Structures are given as C-alpha cells and as structure tokens.
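# A structural walkthrough
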Amino acid sequence: MMESHPMKFNKALWPFAVVFKAIVQVRNWLFDHRILRSESFDIPVIAVGNITVGGTGKTPHTEYLIRLLSNHYRVAFLSRGYKRKSKNFVVVQVSSTASEAGDEPLQIKRKFNHIVVAVDGNRRRGIAEIRRRFPEVNLIVLDDAFQHRYVSPSTSILLTDFHRLIYEDRMLPVGRLREPVSGKARADIVIVTKCPNNIKPIGYRIITKHLQLFPYQRLYFSTFRYDRVLPVFPDQCIVPTDEPTDIGLYENVIAVSGIASPESFIHYVTHHCPSARCVTFGDHHYFTAKDIARIQRMAEQERPENTLVIVTEKDAARLIHNHRVDNSLRKVLVYLPLRVSFLLNQGREFDAQILEAAQRSGQQP
C-alpha cells in the first residue's frame, strides 16, 4: 500500500476558495462556450502544465520533450519567463541573464542551444512572433500553459505531483489548486510525477481509480534520475568533472535550493552525504548579497578541496550571472542535473504517442 500523508487545510479560508472557484468556473465556461476565443495553429503546439501552484516537475519534463522532438522537428520553446524583468517578447540567448529571460528559459537555452527559446506573457503573440522571425520552426513546446486558454494546443500534458495529487488537493487559498479538478478533462496526457521507485501495483491502481480519466486520456507515471554534478563555473571550479563525483567523499557539503519543491533534491544530497547542511529559499529566489555571504561563510574552510556547494539546475541559471559570487565560491559551486524516467516501461509508449500526435496535428517533420 502507498503511504498516506494527509494534507492540512486552513478551514478559515474556505469562503475565499469558494469565491475563487466560482470566478475560475465562469472563465472556463466562457472558453468552453467560445465566448472567449482560443486560437489554434497549423503547426504542433505541445503544452505542458498543471492546475496547482508549486513545482510538479515541468522543466525536466519539458527537457524530455525537447530531447525527443528535436530529432524530428525544428523545435521552439515558449515560456512567459516567470519573474523576469524584461517586457513583452524576448528571444533568449545563451548570454542572457535570468532577469532578462527567467531562470527556466535560460536553463533550457543553455542546455539546448540549437533550438529557439523565447519568452512572452501573451502566448498567442509569442507563437505568432516565433513564426514570423523563425519560419523554419515547425513545432512549439509551450511552458506552463494549461490555464492559458487563449491558445488551443494540439496536445496538452497535465502534470500532478505524486506527493500532492490533484484529487486530494483544494482550491486556492485553502489548497494549491488553480482551478477545479474537473479541469483535467482538457488534458490529452496526465503524468504523475516524482513517483518513488517502489510503488506497488495496488498503488498504481489506486491513483488510476481516483484520477477518473476519460477513455481519450492516457496516464503515465514518471520519476527523476539525478546525473553527476557539473560545475556552475567550469573555468574556475576545482571539482573533478571527468568522472562522476561522489559527494559523500566531501567533508563539507552545503545543499542550496530556491525551487518550489526541494524535497527530492535535499533527500538525494543527504542520502549520499548525511552530514550535508541544507539552505532552502522560496521558488525562483533571487540570491541577494546577504544570501551569498551566508553561503560563502558556510563554505569557508582551510581545505577548499573538501568543500562542495551543490545547487539545483534552476538555481545555477540564476547564479551564473550573479556578480556577488566571488572566486572562492565559484571554485566549489556545482549543480545537480536531473532527468525524467518513466516507470512501468512506459517510456517508449509515451514517445510514440507524442510523435504520433505531433505528426497528426501539423506539418510532416
């Protein structure tokens, strides 16, 4: 059986949740009855999103899609660029900063330099601008767009965290739902993310039963696999990178995270290095001078070769252009990449469905 971790809700906020739910339902009704219009496009548009606030693993799943689709299509990735300071449509370059592009789009561009990466809060305008500037693009991956109903994607992927499944949650501000669970009906694919590896068959059946998906929807289960650590500043880092680094060999390990759900990152680091000290910040955290000074104090040792400061890949995207990170910290600063892996041998099935849907909905690759 699966372990049960009941969610705690603040009942005093129920009236606000009722009002918020009503507003969202009216908005969805307007789209469902075409009073508010959704726009379709003549190339495949694959949207990845969720109906909750907080991390469900969108970025790693987006990267999985880009790896898969780049072998067949000229892919563009479009995001709103959360917490960026720039306005309107921006084409992201490897040299861009997180404040210009947002940390997730910058991470994507640095990892997949061969694709077009752009940010725009208006997704319809963003898609049109990509098509005007980059006519060779014949498939677009749309980030965090499940609620952005002004675009009608050809394929919609909904993510739900295994540790906070949507059918157990409640509407904001009581819980974390951004719309009622019934909104899942718009998804073509539902992925239960961050699954432990030891789910028993009955666990899969329980989740499948409670999600109550329609026959046209496909359900997948995924987990994360961490790769070897990589330097945030390759030219200055003294950590060996020619072979996997055993973090348990270091005497002074500091794990730093500024993401929505750092639990799996913290668990991985502390599992391999029980003495690791952990520092957590809020999602998309911008590291201030005080934050950097705190981390640097923790990292100071007579023997820097025994020190390792590990951050998440999203945090690395924000730190790479942070001028407050001094040379001593750059020497020991690494990040921990992760990849999506499908359980139940569903990887090939998922790949085939995505490729078939893309081919069916747009131009031939």
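Residues numbered from 1 in each chain as written. Predicted model: local features only at pLDDT ≥ 70, side-chain atom pairs only at ≥ 80, totals over all residues. Heavy atoms only, no water.

## Some words on the overall build of the chain
- Looking only at helices and strands, the chain features eleven helices and 14 strands.
- The C-alpha atoms of the chain give 21 Å as radius of gyration, which agrees with the globular expectation for 365 residues (21 Å, within 12%).
- Across its three principal axes, the chain shows a C-alpha extent of roughly 65 × 50 × 40 Å.
- In the chain, the proportion of contacts linking residues at least 24 apart, taken out of those at least 6 apart, comes to 79%.
- When the accessible area of the chain is evaluated, it comes to approximately 17,900 Å², of which 51% is carbon and sulfur surface. (Helix = DSSP H or I, 4+ residues; strand = E, 2+ residues; numbered from the N terminus. Rg over C-alpha atoms; globule rule 2.2 N^0.38 Å. Contact = heavy atoms within 4.5 Å. Areas by Shrake-Rupley, 256 points an atom, 1.4 Å probe, with all protein chains shown as cover.)

## Re helix H4 (residues 103-111)
- In terms of burial, H4 is largely enclosed, as seven of its nine residues are buried.
- Within H4, burial applies to Asp103, Glu104, Pro105, Leu106, Gln107, Ile108 and Lys109.
- On the buried face of H4, the contacting elements are helix H2 (58-69), strand S2 (75-79), helix H3 (98-101), strand S4 (116-119), strand S5 (139-143) and helix H9 (313-319). (Buried < 20%, exposed > 50% of the residue type's maximum accessible area, 1.4 Å probe, protein only.)

## Brief notes about the sheet that holds strand S9 (residues 230-231)
- Pairing within the open sheet is mixed, and its five strands lie in the order S9-S13-S12-S10-S11. Each of the sheet's edge strands pairs with one partner strand only, and the pair in question is S9 and strand S11 (277-280).
- Here strand S10 (residues 252-257) pairs with strand S12 (residues 307-312) via five bridges, running parallel. When the bridges of S12 are listed, Val256 appears paired with Val311.
- Along the sheet, helix H7 (residues 263-272) makes contact with S10, S11, S12 and strand S13 (333-336), crossing S10 at roughly 175°.
- Each of S10, S11 and S12 is contacted by helix H8 (residues 289-299), which is oriented at about 160° to S10, the strand it contacts most. (Pairing = 2+ DSSP bridges. Axes fitted to C-alpha atoms, helices over the stretch in contact; angles between N-to-C directions.)

## Details of empty space enclosed by the protein
- Scanning the model with the defined rule gives two cavities of 30 Å³ or more in all.
- The space that makes up the largest cavity amounts to roughly 70 Å³.
- As for the largest cavity, its lining consists of Thr52, Val53, Gly54, Gly55, Thr56, Thr160, Asp161, Arg164, Asp169, Arg176 and Ser261.
- What the second largest cavity holds in volume is close to 40 Å³.
- Val256, Ile292, Ile295, Val311, Leu319, Val325, Leu329 and Leu333 are the residues that line the second largest cavity.
- Of the residues contributing to the lining of the second largest cavity, the split by class is eight nonpolar, no polar and no charged. (1 Å grid on protein atoms, 1.4 Å probe; cavity = no way out; pocket = protein on both sides within 12 Å on 5 of 7 lines; lining within 4 Å. Points joined across faces, edges and corners; volume = space filled by probe spheres on them. Nonpolar A, V, L, I, M, F, W, Y, C, P; charged D, E, K, R; others polar.)

## Overview of the environment of Tyr167
- For Tyr167, the position within the fold is in the loop between strand S6 (155-161) and strand S7 (189-193).
- Taking the C-alpha atoms as reference points, Tyr167 and His61, separated by 106 residues in sequence, lie 21 Å from one another.
- Setting aside residues no more than four positions away along its own chain, Tyr167 makes contact with Val181, Ile206, Ile207, His210 and Leu211.

## Focus on the layout of surface pockets
- Size it by volume and the second largest pocket reaches roughly 630 Å³.
- Gly55, Glu104, Ala260, Asp283 and Lys314 are the residues nearest the centre of the second largest pocket, which is lined by 36 residues in total.
- For the lining of the second largest pocket, the secondary-structure elements that each account for two or more residues are H2, H4, strand S8 (218-226), H7 and H9.
- Here the element with the most residues in the lining of the second largest pocket is H2; it accounts for four residues.
- Classifying every residue of the lining of the second largest pocket by side-chain character gives eleven nonpolar, 13 polar and twelve charged.

## Section: the nonpolar core
- By size, the foremost hydrophobic cluster in this structure holds 48 residues, and its most contacted members are Leu69, Ile157, Val269, Ile310, Phe350 and Ile354.
- Broken down by element, the residue count for this core peaks at five residues, all from H2.
- Discounting chain neighbours no more than four positions away, the residues touching Ile310 are Ile247, Val253, Ile254, Ala255, Val256, Phe265, Val269, Val334 and Leu336.
- One finds Leu165, Met171, Val190 and Cys195 within the second-largest nonpolar core, a separate group that totals 22 residues. (Core = buried A, V, L, I, M, F, W, Y, C linked by side-chain atoms within 4.5 Å.)

## Overview of H7
- Within H7, the full set of buried residues consists of Phe265, Ile266 and Val269. Axial view of H7: buried residues confined to an arc of 95°, hence all on one face. Exposed and oriented more than 90 degrees from the buried face of H7 are Glu263, His267 and His271.
- Buried residues belonging to H7 abut S8, S10, S11, S12 and S13. (Arc of directions from axis to C-beta.)

## Quick notes on the pattern of salt bridges
- According to the stated counting rule, one finds 19 salt bridges in the structure shown.
- The partner of Glu63 in a salt bridge is Arg67, with the nearest N and O atoms 3.9 Å apart. Taken together, the residues span about one helical turn, with Glu63 and Arg67 both in helix H2 at a distance of four residues.
- A relative accessible area of 1% places Glu63 in the buried class.
- Exposure remark for Arg67: the relative accessible area of 24% places this residue in the partly exposed category.
- Among the salt bridges present, the one from Lys111 reaches Glu313, with a minimum N-O distance of 2.7 Å. One end of the pair, Lys111, is in helix H4; the other, Glu313, is in helix H9, and 202 residues separate them in sequence.
- Overall, Lys111 belongs to the partly exposed group, its relative accessible area being 28%.
- What emerges from the salt-bridge pattern is a single network uniting Glu63, Arg67, Lys111 and Glu313. (Salt bridge = Lys/Arg side-chain N within 4 Å of Asp/Glu carboxyl O.)

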